[in-house]
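Descriptive analysis of the structure
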Amino acid sequence: VQGTGGSSAVSKCSAAARGYIQDRFLRLLAGRRRRRAPLIHRGYYIRARAVDHCIQDFLLKTQSLPRTQILSLGAGFDSLYFRLKDMGLLHHTVVYEVDFPNVACQKATLIKRMKELSALVGDTGGEGLGAITFSGEDYKLLGVDLSELSELERTLEEAGLNNEIPTLFIAEVVLTYMENTRSDALIQWAAEHFPQACFLVYEQVHPEDPFGRVMQQHFSQLNSALHSLAQYPDCEAQQRRFLGKGWTECSVMDMNEFFTCCIPEDEQQRVQTLEPFDEYEEWHLKCSHYFVLAASKGMEPSWTPLLPSVTVPRHAGPVGTAGSVPAAVCARLSGIPGLRRYGHHSVLIKPNVILTTGGFGEENGQHCRMRNFHVLSKHAGYWKAVCVTQNIPDKRWGERLYHTVSCLSDTLALVIGGRTSPLNAGLGMLWLKFPEACNASDPDEVAVELVSLQPAAEEAALRWRHSTTEMTFKGEQYLFVYGGRSALEPVLGDWYFLHTPELSYAAIAVEGPVPESRHSHSACSWEGGVLIAGGLGAAEQPLGSVFLLRELEHGFQWQTIETHPPLVPRYSHTAHVHEGKLLLVGGVWFHASSVPGITVIDLMTGLCLDYVINVEHLEWPLMLHNHSSVFLPNEKELLVIGGGGNCFSFGTHLNPEPVTLSLSSILISH
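Per an unreviewed UniProt entry, the protein chain goes by the name tRNA wybutosine-synthesizing protein 4 and belongs to Gymnorhina tibicen. Turning to the protein chain, the UniProt annotation filed under Pathway (unreviewed entry) states: "tRNA modification; wybutosine-tRNA(Phe) biosynthesis." In its Subunit (unreviewed entry) section, the UniProt entry covering the protein chain states "Interacts with RNF144B/IBRDC2."

Have a look at this one:
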């Protein structure tokens with residue numbers, strides 16, 4: 001548990017060094033310096049903002065009172081006191097910090113040794129006695145195990161804590177490491193002994209969905225299990241916990257809600273542009289698995305609570321589900337490491353033959369960008385897969401992620417866009433040529449050739465997280481490239497018609513309301529036009545709109561497809577059309593009480609039904625984002641290949657093997 005404190009101090013320090021948070025004291029307290037990934041920076045940024053939001057609110061609302069105090073439980077190497085003191089916010093507030101005795105001793109030694117820190121505490125900062133490792137006029141550092149409540153109470157009294165004045169308790173990822181009976185007792189003790197108090201908590205929720213399972217496993221491996229989760233698995237349970245232990249007001253929100261509601265738009269944009277970033281799924285999943293809670297009692301009614309009530313529509317309860325879809329491991333495809341990948345693309349090149357390319361995954365026991373292609377083919381009811389070497393004269397394939405592959409014939413496919421890193425997306429277009437008899441028993445090699453494009457069409461390829469869809473206009477075949485993002489633009493809303501096979505750029509008139517810019521959406525061919533659904537919009541907010549690009553006599557028209565109930569906004573899903581129904585598979589949404597399964601939209605009536613995926617036969621968490629899926633109409637089955645991602649600091653999760661989802665029960669022809 002103490003190790004988690006040290007590691008979080010290093011991460012906060014790295015976030016401060018990159019400009020996410022303003023805190024010059026972290027580097028003095030963190031000890032070692034290490035640069036973390038942008039995803040980690042964002043995670044610690046939102047944590048710092050949520051905690052600071054509530055602390056500043058408490059100080060602001062009590063500034064006219066003669067005396068207040070802050071009690072930080074499990075404070076670790078946090079810089080809270082020094083930050084507040086430096087900002088001149090502690091005129092009448094004493095800060096008490098409690099942590100394990102050896103952590104408190106280490107911190108006291110650091111403070112005495114560092115001029116910058118000891119100067120802020122003032123000359124009275126001296127040797128403490130016993131458990132009081134440091135004692136200044138407005139700062140006391142105590143070494144006590146929080147689970148020993150009577151000892152904690154005695155030491156706090158000795159250090160001068162006053163039960164009668166307004167008190168803010170802070171527990172930033174602390175209570176969950178304690179046995180529930182002990183953390184419950186601590187919450188109740190604070191309510192019973194302090195007539196005027198607030199209690200601020202930041203920690204994890206949702207242990208049972210795929211991301212939650214990876215998160216739990218990570219902390220168990222660190223030997224610091226998260227105890228709160230079994231008994232208090234969601235925000236509502238945490239709220240009931242505090243209201244049942246003597247607190248009269250309690251507000252709670254997850255970090256997606258906090259970022260959307262409590263961080264001003266200009267600040268959101270500042271953070272979103274600090275570093276090249278392309279891990280939206282993991283960012284939003286991280287945020288849906290952490291909450292901030294502010295409980296209070298006996299405070300002036302004029303200023304409770306510390307958190308606003310949530311203004312974004314929170315979907316009440318779980319999404320209504322119309323039924324479930326069984327998932328099964330695809331027999332004989334397990335144990336092929338090359339199929340453990342994400343950000344790749346899979347395409348049916350002819351009946352029962354699938355080509356999977358690109359992405360990030362596992363090769364020779366190492367995580368890397370994937371160079372090799374895989375061909376999957378079905379014989380006598382069973383799939384088999386082989387790795388295919390591609391005949392490349394140079395590195396033009398570029399190990400790309402988030403590209404598209406469109407099959408133009410049995411022997412020809414076109415790769416458009418993709419990226420190697422978020423700074424490098426100028427990868428152009430490639431022809432993939434495969435032999436007539438390409439299948440998994442005799443795959444041969446795939447020839448890769450660079451497409452020479454006319455300048456007007458070049459822009460179409462400088463993007464990733466876009467869509468490319470086959471369509472027809474006046475009986476001619478076209479590819480419709482839409483949306484995505486580029487190294488310069490975080491989100492694109494433009495489109496290109498490319499006439500096949502020579503890929504000339506065609507200017508075709510499009511009327512109707514233009515859909516808002518998006519990436520990570522889905523696109524399907526339907527009745528000669530294109531169906532666009534969901535995606536991530538300009539403010540990194542998921543979209544719930546569905547559009548049809550419909551052929552008219554002289555061009556096309558954008559039409560909105562109204563869904564009822566409204567489609568829950570999502571992105572990073574895949575989609576297929578079957579007999580007038582649009583199937584959306586997986587994805588990421590902000591609605592944290594469940595993960596997206598399969599949504600079926602009737603394109604005639606707009607009726608929108610959600611089905612959960614029954615994973616009882618899978619022994620591992622099925623992450624349905626950054627995956628690829630192929631619909632097999634004869635079997636009424638979906639084959640899901642790959643999926644997963646970099647789960648914050650909890651490790652990379654790659655779905656270990658392809659999965660089939662049987663849709664026969666939900667696609668009954670009427």
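Here the narrative resumes.
Our next topic: the sheet that holds strand E20 (residues 412-416). Working definition: the strands of a sheet are paired by backbone hydrogen bonds and lie parallel or antiparallel to each other. With mixed pairing, five strands are arranged side by side in an open sheet as E18-E22-E21-E20-E19. Strands with a single pairing partner mark the edges of an open sheet, and in this sheet they are strand E18 (390-391) and strand E19 (404-409).

Contact geometry of helix H7 (residues 149-159) with helix H8 (residues 180-193) gives a least axis separation of 11 Å together with a crossing angle of 40°. Classed by the angle they form, the pair H7 and H8 counts as oblique. Crossing of H7 against H8: the hand is right-handed. Counting all contacts with H7, which are made through Leu 149, Leu 152, Glu 153 and Leu 156, the residues of H8 involved are Ala 185, Leu 186, Trp 189 and His 193. In terms of residue class, the contact of H7 with H8 is built from six nonpolar, one polar and one charged.

What the rule picks out here adds up to 29 salt bridges. Here Glu 540 and Arg 42 are joined by a salt bridge, their closest N and O atoms 2.8 Å apart. Note that Glu 540 is positioned in the loop between strand E29 (529-533) and strand E30 (546-551) and Arg 42 in helix H3 (residues 38-61), a separation of 498 residues in sequence. Note on accessibility: Glu 540 and Arg 42 belong to one class, buried. We note a salt bridge from Glu 362 to Arg 340, for which the minimum N-O separation is 3.0 Å. Here the residue Glu 362 occupies a position in strand E14 (residues 360-363), and Arg 340 occupies one in the loop between strand E10 (321-329) and strand E11 (341-342), the gap between them amounting to 22 residues.

Our next topic: the pairing of strand E25 (residues 495-499). Counting buried residues along E25, four of its five residues qualify, which places the element largely inside the surrounding structure. Two elements, strand E24 (residues 476-482) and E25, share five bridges in a ladder whose sense is antiparallel. Within E25, the position partnered with Tyr 478 by the bridge is His 499. Remark: four residues form the turn of the hairpin made by E25 and strand E26 (residues 504-506), two consecutive strands paired antiparallel; Leu 503 in that turn has positive phi of roughly 60°.

This next bit is on the side chain of Thr 599. Position of Thr 599 relative to the elements: it lies in strand E34 (residues 598-602). Of the polar contacts made by the side chain of Thr 599, one reaches the side chain of Arg 570; its length is 2.8 Å. Apart from the residues lying within four places of it in its own chain, the contact partners of Thr 599 are Leu 567, Arg 570, Leu 582, Leu 583, Leu 584, Cys 608, Leu 609 and Asp 610.

How big an interface is tends to be stated in terms of accessible area lost as the parts join. Domain boundaries in the protein chain define domain 1 (3-297) and domain 2 (321-662). Each of domain 1 and domain 2 was reduced to a C-alpha centroid, and the two centroids are 41 Å apart. At the interface, 31 residues of domain 1 touch 35 residues of domain 2. Taken together, the links from domain 1 to domain 2 amount to five salt bridges. A salt bridge links Arg 419 to Asp 278; its shortest N-O distance comes to 2.6 Å. Counting the contacts that link domain 1 with domain 2 gives 15 residue pairs in polar contact (both at pLDDT 80 or more). Of all the secondary structure elements, the ones that give two or more residues to the side of domain 1 that touches domain 2 are H3, helix H9 (210-221), helix H12 (255-262) and helix H14 (280-288). A total of eight residues in the side of domain 1 that touches domain 2 trace back to one element, the largest contributor, which is H14. A breakdown of the residues in the side of domain 1 that touches domain 2 according to their chemical character gives 14 nonpolar, eight polar and nine charged.

Let us now look at H12. By the criterion of burial, H12 is predominantly enclosed, with six of the eight residues buried. The inward-facing, buried residues of H12 abut H3, strand E7 (197-204), strand E8 (249-254), helix H13 (265-272), H14 and strand E9 (290-297). Where H12 begins, one side-chain oxygen reaches toward the backbone nitrogen of Asn 256, 3.0 Å away; that side chain belongs to Asp 254.

Moving on, we come to the nonpolar core. Counting residues in each nonpolar core, the largest one holds 79 residues, and the members touching the most others are Ile 55, Ile 70, Phe 82 and Phe 258. With 12 residues, H3 is the single largest residue contributor to this core. Here this core spans two domains, since at least three of its residues come from each of domain 1 (3-297) and domain 2 (321-662). In this structure, Phe 82 is in contact with Phe 25, Leu 29, Ile 111, Leu 117, Leu 120, Val 121 and Tyr 139, ignoring residues within four places of it in sequence. Residues Leu 142, Phe 169, Ile 187 and Val 201 belong to the second largest nonpolar core, which totals 35 residues.

What follows covers the pairing of strand E23 (residues 467-473). Among the seven residues in E23, five count as buried, and that is most of the element. The sheet contact formed by E23 and E24 spans seven bridges and is antiparallel. Directly across from Ser 467, in E24, lies its bridge partner Tyr 482. Between E23 and E24, which pair antiparallel and follow one another directly, the connecting turn spans two residues, one of which, Lys 474, has a positive phi of 50°.

It is worth spelling out the sheet that holds E24 at this point. Taken in spatial order, the four strands of this open sheet run E23-E24-E25-E26, and their pairing is antiparallel. Each end of this open sheet is capped by a strand with a single partner; those strands are E23 and E26. Going across the sheet, the axis of each strand differs from the next one's by a mean of 35°, ignoring polarity.

This next bit is on the packing of H3 against H13. Where H3 meets H13, the axes come as close as 11 Å, and the angle between the chain directions of the two elements is 150°. Of the possible angle classes, the one that applies to H3 and H13 is roughly antiparallel. Between H3 and H13 lies a crossing of right-handed hand. Of the residues in H13, those touching H3 at Arg 42, Tyr 45 and Arg 49 are Glu 267, Arg 270, Val 271 and Gln 272.

Thresholds applied
Residues numbered from 1 in each chain as written. Predicted model: local features only at pLDDT ≥ 70, side-chain atom pairs only at ≥ 80, totals over all residues. Heavy atoms only, no water. UniProt positions renumbered as here; feature names shortened; annotations may be inferred. Pairing = 2+ DSSP bridges. Helix = DSSP H or I, 4+ residues; strand = E, 2+ residues; numbered from the N terminus. Axes fitted to C-alpha atoms, helices over the stretch in contact; angles between N-to-C directions. Parallel < 35°, antiparallel > 145°, perpendicular 65-115°, else oblique. Left-handed = near helix turned anticlockwise from the far one by under 90°. Contact = heavy atoms within 4.5 Å. Nonpolar A, V, L, I, M, F, W, Y, C, P; charged D, E, K, R; others polar. Salt bridge = Lys/Arg side-chain N within 4 Å of Asp/Glu carboxyl O. Buried < 20%, exposed > 50% of the residue type's maximum accessible area, 1.4 Å probe, protein only. Polar contact = N/O pair within 3.5 Å; in protein donor to acceptor, adjacent residues only side chain to side chain. Domains from an automatic or database assignment. Core = buried A, V, L, I, M, F, W, Y, C linked by side-chain atoms within 4.5 Å.

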